[in-house]
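# Residue-level structural notes
The residues making up each chain are set out below.
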Amino acid sequence: MRNENEQEKLTPEDFERVTIDAHHSERIEKPSLSFWQDAWLGLRKNKAAIVSMVVLLLVILMALIGPHLNGHAGDTQNLRHANLPPKIPGIEATGFFDGDGKLAGKKVDLYEMKKVDEYYWFGTDGLGRDLFTRLWEGTRVSLFIAFVAAAIDMVIGVAYGGISGYFGGRTDDIMQRIVEILIGIPTLIVVILMIMIMDPGITAIIVAITITGWIGMSRIVRAQTLKYKSQEFVLASRTLGAKDGKIITKHLLPNMLGIIIINTMFTIPNAIFFEAFLSFIGIGLQPPAASLGTLINDGYKVMENQPYVLLFPAIVISVLMIAFNLIGDGLRDALDPKMKD
Amino acid sequence: MSENLIEVRNLKQYFNAGKSTEVRAIDDISFAIKRGETFGLVGESGCGKSTTGRTMIRLYDATAGQVLYNGVDVHAPKSKKENHALNRKMQMIFQDPYASLNPRMKVLDIIAEGLDIHGLVKGKTERKQRVIDLLETVGLNREHAERYPHEFSGGQRQRIGIARALAVDPEFIIADEPISALDVSIQAQVVNLLKELQEEKGLTYLFIAHDLSMVKYISDRIGVMYFGKLVEMAPADELYRNPMHAYTKSLLSAIPLPDPIYERSRVRHPYNPKDHQYGSDEKVEFREVAPEHFVLCSEKEFAEMQAARV
Ligand SMILES: Nc1ncnc2c1ncn2[C@@H]1O[C@H](COP(=O)(O)OP(=O)(O)O)[C@@H](O)[C@H]1O
Ligand SMILES: [Mg+2]
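Residues numbered from 1 in each chain as written. Chains lettered and ligands numbered in written order. Predicted model: local features only at pLDDT ≥ 70, side-chain atom pairs only at ≥ 80, totals over all residues. Heavy atoms only, no water.

## Points about the overall build of chain A
- The helix and strand inventory of chain A stands at 13 helices and two strands.
- Each of the 341 residues in chain A was classed as buried or not, and the buried ones make up 43%.
- The contacts of chain A with a sequence gap of at least 6 include a subset with a gap of at least 24, amounting to 73%.
- Per element, the accessible surface of chain A, about 18800 Å² overall, is 64% carbon and sulfur. (Helix = DSSP H or I, 4+ residues; strand = E, 2+ residues; numbered from the N terminus. Buried < 20%, exposed > 50% of the residue type's maximum accessible area, 1.4 Å probe, protein only. Contact = heavy atoms within 4.5 Å. Areas by Shrake-Rupley, 256 points an atom, 1.4 Å probe, with all protein chains shown as cover.)

Written as structure tokens, this is what we have:
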């Protein structure tokens, strides 16, 4: 019965065809986001990465201005002021960083005993050099080495891998055999040889790190190039008559940039660590130059009596390693298309 | 000017020729496409259809044989200018709507790529206007120009690909399975768009597909490919009414129809190349069994088919 009632109420207009305006059906409401905007939104949600970025920026800032903050130069030796523990104005009242140190098992204020009026925030080393200034100078050197090494790795790796993958055939065969030979040689031997030939110093370390460091990047870039060069959008560009240079800069590189950045983000902490390792075993930077590695080496020697010499560079290098890795992880999540919906 | 816009003569494409991994993707095929017509190329996956299209448009160098465009051998060495001119005349539409658009480029730049390469527009405003015109030609909106490929559906992306090909005003378009990856409901849209464009601009198509159902609707003539060889070629109606090669019959028997009575009685004919039982001295050639109707067959089969026709 209900059906009949309803049928009576229907008017001819109810049977008119509903047409959809094609323009409406093709409309997209979502705001348009480029890949990089989208990646930034993703990265912003990653708290660990954001905190790491802030911390990293602070460390970089300190590496730049830290050595000028307290008026002590990093290489001024003052034997009268040797082996002083940290003493920081403002905090000293709390009992920490108050200049107290152990002498023959007893706790004494070393500053008072040695009649030192100045404050050494992170203490001094055996030669009386200010450790605060040296810490940030060392951080600066370590960061510099890491950034330069990572940049060189990136440039060589991208160029080598790109050429090898893009041109393929014989070129690729020869270039890949060379890489295989390079990989076969233990890195440390190459590095020690390099450092013996060259004067020890920043340049030697950078050369040592980059001499085999680019291989990882080149392999990744080669694989990516092989993947993208046969994609249909590259073929389309070819049929339109695009030259190799255009295809590489407009189609291949923009698609690989994400992975290149991620990989570089993981190269930097490796370079920092490798430099520290070389300096720690004594074939890296030579005194009086400081890097995190040499500082840790110095601290390690006096670890039992003056642990603060080791403490601060160890903290900085750990913070750097963690920060770079967390940022790298965050970038990978944000940039890797496979993680996206 | 000849009636044939494109002629493919004894084309061969062997990958890794001479090595143990040799693949004879195209093995001596010949056909011609008339100006303004649609030539359908069908065959199962992996039989060499894409390779044929890509070799014709010079994405691959041919192992042997010729592709003549307007009487000019496309693979012969040419000056930069001639190459450029040829690039504009032949264009391609690709199979995978997700891989055929660069995800890092805006639709504006994707469609304008051909305009930029060939210097067809002066200045930013003209460039944008041309792109908007092209978008509207393929049924999209001007707002779509500022968006990125991932925001579009498969059908919309395929239309962007068509707009990109149209940007350089081509005469001949190779459509490599342009609808295989699309929803059935969207397939008709794209096919209709291609047909409209053909009428409007007098385009010539090579339409590649892996089944015969849609090809019949769009093609004037159809070539059937099997393992790198053309096994049958005929006008579309003739091929449907009177398939002669066993493989074509098998393909036709695989098309389902929305008709339950027909479907109940439909028998699939599997194809087995061994059924031909060609002797070692028999010459298997492409022969004209009926006017315009070519079949790959032996002398004996040829006689049988001719007898069956009368
Ligand atoms: N670049 C290549 N190198 C080696 N073999 C290939 C290459 N491209 C295609 N092939 C092979 O050629 C044959 C034909 O492939 P294709 O033309 O893509 O087939 P279809 O488009 O008909 O599915 C396949 O066996 C495929 O594996
Ligand atoms: Mg194919």
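## Describing the interface of chain A and chain B
- Counting residues at the interface gives 27 residues for chain A, matched by 39 residues for chain B.
- For the pair chain A and chain B, the two sides together bury roughly 2800 Å², of which 52% comes from carbon and sulfur.
- Ionic pairing is found between R54 of chain B and E232 of chain A, a salt bridge with its closest N-O pair at 3.8 Å.
- Joining chain A to chain B, the criterion identifies 10 residue pairs in polar contact (both at pLDDT 80 or more).
- At the level of elements, α10 (232-239) and α11 (244-280) of chain A are the ones that each hand at least two residues to the side of chain A that touches chain B.
- A total of seven residues in the side of chain A that touches chain B trace back to one element, the largest contributor, which is α10 of chain A.
- The residue inventory of the side of chain A that touches chain B, partitioned by class, reads 10 nonpolar, nine polar and eight charged. (Buried area = accessible area lost by both parts, 1.4 Å probe. Salt bridge = Lys/Arg side-chain N within 4 Å of Asp/Glu carboxyl O. Polar contact = N/O pair within 3.5 Å; in protein donor to acceptor, adjacent residues only side chain to side chain. Nonpolar A, V, L, I, M, F, W, Y, C, P; charged D, E, K, R; others polar.)

## Details of the site of ligand 1
Residues and elements named next belong to chain B.
- Every residue close to ligand 1 is listed here: F15, V23, A25, E44, S45, G46, C47, G48, K49, S50 and T51.
- The contact in question runs from an oxygen atom of ligand 1 to an N or O atom on the side chain of S50, over 2.6 Å.
- When ligand 1 is considered free in solution it has 560 Å² of accessible area, and contact with the protein chains removes 64% of it.
- Counting residues per element, the shell around ligand 1 draws most heavily on helix α1 (residues 49-56), at three residues. (Near = heavy atom within 4 Å.)

## Side note on the pattern of salt bridges
All names here are of chain B.
- Overall, the coordinates contain 19 salt bridges over all chains when judged by the stated rule.
- Between R221 and E37 there is a salt bridge whose closest N-O contact spans 2.8 Å. Taken together, the residues R221 in strand β9 (residues 221-226) and E37 in the loop between β2 (23-34) and β3 (38-42) connect sequence positions 184 residues apart.
- Classification of E37 by relative accessible area gives buried; the value is 7%.
- In the salt-bridge network here, residues are joined through shared partners; they are K283, E285, R287 and E299.

## Observations concerning the nonpolar core
- Counting 55 residues, the largest nonpolar core has I162, L212 and I222 of chain B as the members making the most contacts within it.
- It is helix α3 (residues 107-117) of chain B that contributes the most residues to this core, six residues altogether.
- For this core, the domains that each give at least three residues are domain 1 (4-227) and domain 2 (241-310) of chain B.
- Beyond its immediate chain neighbours, meaning those up to four positions away, L212 of chain B contacts V42, I222, L239, Y240, T248, L251, L252 and I255 of chain B.
- By size, the runner-up hydrophobic cluster in this structure holds 52 residues, among which are L43, L135, L292 and I317 of chain A. (Core = buried A, V, L, I, M, F, W, Y, C linked by side-chain atoms within 4.5 Å. Domains from an automatic or database assignment.)

## Things to note about the packing of aromatic side chains
Residues and elements named next belong to chain A.
- Within the structure shown, the criterion is met by 15 aromatic pairs over all chains.
- With a centroid separation of 5.4 Å and an interplanar angle of 65 degrees, the aromatic rings of F280 and Y300 are classed as edge-to-face. Of the two residues, F280 sits in helix α11 while Y300 sits in helix α12 (residues 292-301), which places them 20 residues apart along the sequence.
- Residue classification places F280 among the partly exposed positions, given a relative accessible area of 32%. (Phe/Tyr/Trp six-rings, centres within 6.5 Å; stacked < 30°, edge-to-face > 60°.)

## Overview of the sheet that holds strand β12 (residues 293-297) of chain B
Residue and element names in this part refer to chain B.
- With respect to topology, eight strands assemble into an open sheet ordered β6-β7-β8-β3-β9-β10-β12-β11, the strand pairing being mixed. The sheet terminates laterally at β6 (90-93) and β11 (285-290), the two strands that pair on one side only. Mean inter-strand twist for the sheet, computed between neighbouring axes without regard to direction, equals 20 degrees.
- As paired elements, β3 and β9 share four bridges and run parallel to each other. Each residue of the ladder has a partner; that of G40, found in β9, is I222. (Pairing = 2+ DSSP bridges. Axes fitted to C-alpha atoms, helices over the stretch in contact; angles between N-to-C directions.)

## Considering the domain arrangement of chain B
All names here are of chain B.
- In terms of domains, chain B is made up of domain 1 (4-227) and domain 2 (241-310).
- Between the C-alpha centres of domain 1 and domain 2 there is a distance of 29 Å.
- With both chains or domains summed, domain 1 and domain 2 bury close to 740 Å², and 71% of this area falls on carbon and sulfur atoms.
- Taken as a group, L212, V224 and Y226 account for 62% of the area that domain 1 buries against domain 2, more than any other trio of residues on that side.
- There are one salt bridge connecting domain 1 and domain 2.
- Here E292 ties to K34 by a salt bridge, and the two come within 3.6 Å at their closest N and O atoms.
- Across the domain 1-domain 2 interface, the total number found is one residue pair in polar contact (both at pLDDT 80 or more).
- If you list the elements that add at least two residues to the side of domain 1 that touches domain 2, you get β2, α7 (212-218) and β9.

## Structural notes on the sheet that holds strand β5 (residues 72-73) of chain B
Residues and elements named next belong to chain B.
- Spatially, four strands are ordered β2-β1-β4-β5 in an open sheet, and the strand pairing comes out antiparallel. Either end of the sheet is taken by a strand with one partner, and the two such strands are β2 and β5.
- One ladder, built from two bridges, connects strand β4 (residues 64-69) with β5; its direction is antiparallel. In the strand pairing of β5, Y69 is matched with V72.
- Each of β1 (4-15), β2 and β4 is contacted by α1, which is oriented at about 65 degrees to β2, the strand it contacts most.

## Details of the confidence of the model for chain A
- Across chain A, the average pLDDT comes to 81, with 82% of residues at 70 or higher.
- Here helix α1 (residues 2-9) of chain A stands out as the element of chain A with the lowest mean pLDDT, 62, in contrast to α10 of chain A, whose mean of 94 is the highest. (pLDDT = per-residue confidence, 0-100.)

## Comments concerning unusual backbone geometry
Residue and element names in this part refer to chain B.
- One non-glycine residue, N10, lies in positive phi territory at about 50 degrees.
- Turning to its location among the elements, N10 is positioned in strand β1.
- Even without glycine at this site, N70 takes up a positive phi of about 55 degrees.
- Tracing the backbone through its elements, the reader meets N70 in the loop between β4 and β5.
- Classification of N70 as partly exposed rests on a relative accessible area of 29%.

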